[in-house]
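Geometric and topological summary
Read off the chains here:
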Amino acid sequence: MDQEYERRLLRQINHQNLPTESRLTKCLSATCSPVSVKSGDRFIPTRAGSNWSINFHYANENCRSPSQNHKAKDASSDSSKDAVAYAALLRNELLGAGIETVPDPHTDDRRHAVLSQDSHSLFRYTVHTKRVPFDSDNEVSPYSLSPLSNKSHKLLRSPRKPARKISKIPFKVLDAPELQDDFYLNLVDWSAGNLLSVGLGACVYLWSACTSQVTRLCDLSVDGDSVTSVCWNERVRLPEPTPRLVYDSVTRQRIRLKNKNNCLLWSFQGSLVAVGTHKGYVQIWDAAGGRKLTSLEGHSARVGALAWNGEQLSSGSRDRVILQRDVRTPPSAERRLQGHRQEVCGLKWSPDHQHLASGGNDNKLLVWNSSSLLPVQQYSDHLAAVKAIAWSPHQHGLLASGGGTADRCLRFWNTLTGQALQSTDTGSQVCNLAWSKHANELVSTHGYSQNQILVWKYPSLTQVAKLTGHSYRVLYLAVSPDGEAIVTGAGDETLRFWNVFSKTRCTKESKSVLNLFTRIR
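Structure report, in brief. (Residues numbered from 1 in each chain as written. Predicted model: local features only at pLDDT ≥ 70, side-chain atom pairs only at ≥ 80, totals over all residues. Heavy atoms only, no water.)

**Focus on the sheet that holds strand S25 (residues 430–435)**
Our working definition: A pair of strands is considered paired only if DSSP assigns at least 2 bridges between the two. Secondary structure elements are taken from DSSP: a helix is a run of H or I of four residues or more, a strand is a run of E of two residues or more, and numbering for both begins at the N terminus. Axis lines are fitted to C-alpha atoms, over the contacting stretch for helices. Their N-to-C directions set the angle, which ranges from 0 to 180 degrees.
Here we have four strands laid out as an open sheet, ordered S25-S26-S27-S28, and antiparallel in their pairing. Either end of the sheet is taken by a strand with one partner, and the two such strands are S25 and strand S28 (462–467). Sheet twist, expressed as the mean angle between neighbouring strand axes with direction ignored, is 20 degrees. With five bridges connecting them, strand S27 (residues 453–457) and S28 associate as antiparallel partners. Following the sheet pairing, Val-455 is matched in S28 by Ala-465.

Here's what the structure looks like:
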């Protein structure tokens, strides 16, 4: 028997003796094309259903580490604007689209649909029956060496708005020992003179952003008391007529004034800071001279909220009472505002100085005017304590508030009409709110359970940034006088400084900012 014939015969017999399952497996593994060829030795696989860009993308991602994938996503987001510009340039040159400005990839979502519609007719032959009119804007100069049209040149020269980036890392972290982890206190405030006041235990410390010096303003441990709130007064005006002047013999920086009622008045080169105490006192201190000017009584429990309105000082206490006093008049001339059934933990005056918003542990948000002893508006939609309160500096009568752990919602109110506007569930306890001075945005700090800082755009309520770093509830918040940076404090005994609303910061400013109590970075 011929040897070649014998080998072919044995191969055929072995193939017939294979199990059905193994033959089926071989058939499926070898057959990739839906069109099977019974004869011939040439195999052509079909690639019609393959998306090679996605496949290669996944293959590269599998080879990378998670940190490399994160960097790649950041790079792709940064180059998205370049990809849009390149796509618009191709449409100008190939399709005559006449695009002169680069569309925003985040707002112009219809560009993908337009590109897909145009791509179907990209290589389709058509006969134009109408004559195209002469377009001087699209006409290329005969002396130009560029292959691009005038429209494409305008597209490349169009101004491009740089993408806004908010750093996820604080530019400074400071130690703040004995910073209390108490939701109902307000222990951090930033003055217009760039002085940061922080209540640590029984002491109030001042840090100067101009000189990076730290001074201890007061120590209440001598009286067995502790600090529960601090608040700066930005304006102190001389009364009319001007009373008798008595110059300070030591510092020569402070002027003591006395009127006929023997009540102290002040005019300073610096500012006044009010300090609320655990025993219910409100002390007024001269930051420039470092001396206590007066101590106001009237509360029977701790004072956790303070708010200045010119020379008027409002204080909210655990005794459920809001006291409003003018520091130029005798202590007997005070207004008692009673509307909350539990502790008052939030106070804010409106930008026009006409209305006071107060939040309490009774889940109520009240709005008071300067003439009535009863609240003019009451909002009861929150399901937990209302400490976070902020008036919008951009829209008259717009008030924002945030609820505690059982509520977790941001709510917005039109105090001109008394109507609720919007609300959103943040997912965690809302501790503080502050509006940006430059844009229609606001920042919120949160506690249980995520301890994060969120930047929101209003009125869309989209999150611009999410900042993390504190290991405890972010209970304290203050905005810098230029409105670009914020400082946050938490029970982890740290103060963290963030460039949240920053436009452009020079190198000198960033270097001169902060050297508070001790190191961390």
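Next comes the rest of the account.
**Structural notes on the nonpolar core**
As a reminder of what qualifies: Among buried residues, those of type Ala, Val, Leu, Ile, Met, Phe, Trp, Tyr and Cys that are joined through side-chain atoms within 4.5 Å constitute a nonpolar core. Only protein chains enter the area calculation, which uses a 1.4 Å probe; residues under 20% of their type maximum are buried, those over 50% are exposed, and those in between are partly exposed.
In terms of nonpolar packing, the biggest core is built from 34 residues, with Leu-179, Val-188, Leu-196, Val-487 and Leu-495 touching the most fellow members. When residues of this core are traced back to their parent elements, those giving at least two are strand S2 (188–190), strand S3 (195–200), strand S4 (203–208), strand S5 (214–219), strand S6 (227–233), strand S10 (272–277), strand S29 (474–479) and strand S31 (494–499).

**Remarks on helix H7 (residues 150–157)**
Keep this limit in mind: Working note: the arc is built from the helix axis to C-beta atom directions.
By the burial criterion, the buried members of H7 are Lys-151, Ser-152 and Leu-155. Along the axis of H7, the buried residues cluster in a sector spanning 95 degrees; they form a single face. Exposed residues pointing more than 90 degrees away from the buried face of H7 are listed as Leu-156 and Arg-157.

**Quick word on the pattern of salt bridges**
Stated precisely, the cut-off is as follows: The term salt bridge refers to a side-chain nitrogen of Lys or Arg lying within 4 Å of a carboxyl oxygen of Asp or Glu.
By the definition in use, this model includes eleven salt bridges. A salt bridge links Glu-343 to Arg-318, with the nearest nitrogen and oxygen atoms 3.6 Å apart. Taken as a pair, Glu-343 in the loop between strand S16 (334–338) and strand S17 (344–349) and Arg-318 in the loop between strand S14 (312–317) and strand S15 (321–326) lie far apart in primary sequence, 25 residues in all. Taking relative accessible area as the criterion, Arg-318 reaches 42% and is therefore assigned partly exposed. Note that Lys-457 and Glu-441 form a salt bridge whose closest N and O atoms lie 3.1 Å from each other. With Lys-457 in strand S27 and Glu-441 in strand S26 (residues 441–446), this pair connects stretches of sequence that are 16 residues apart.

All we've got here are geometric facts, nothing functional implied.
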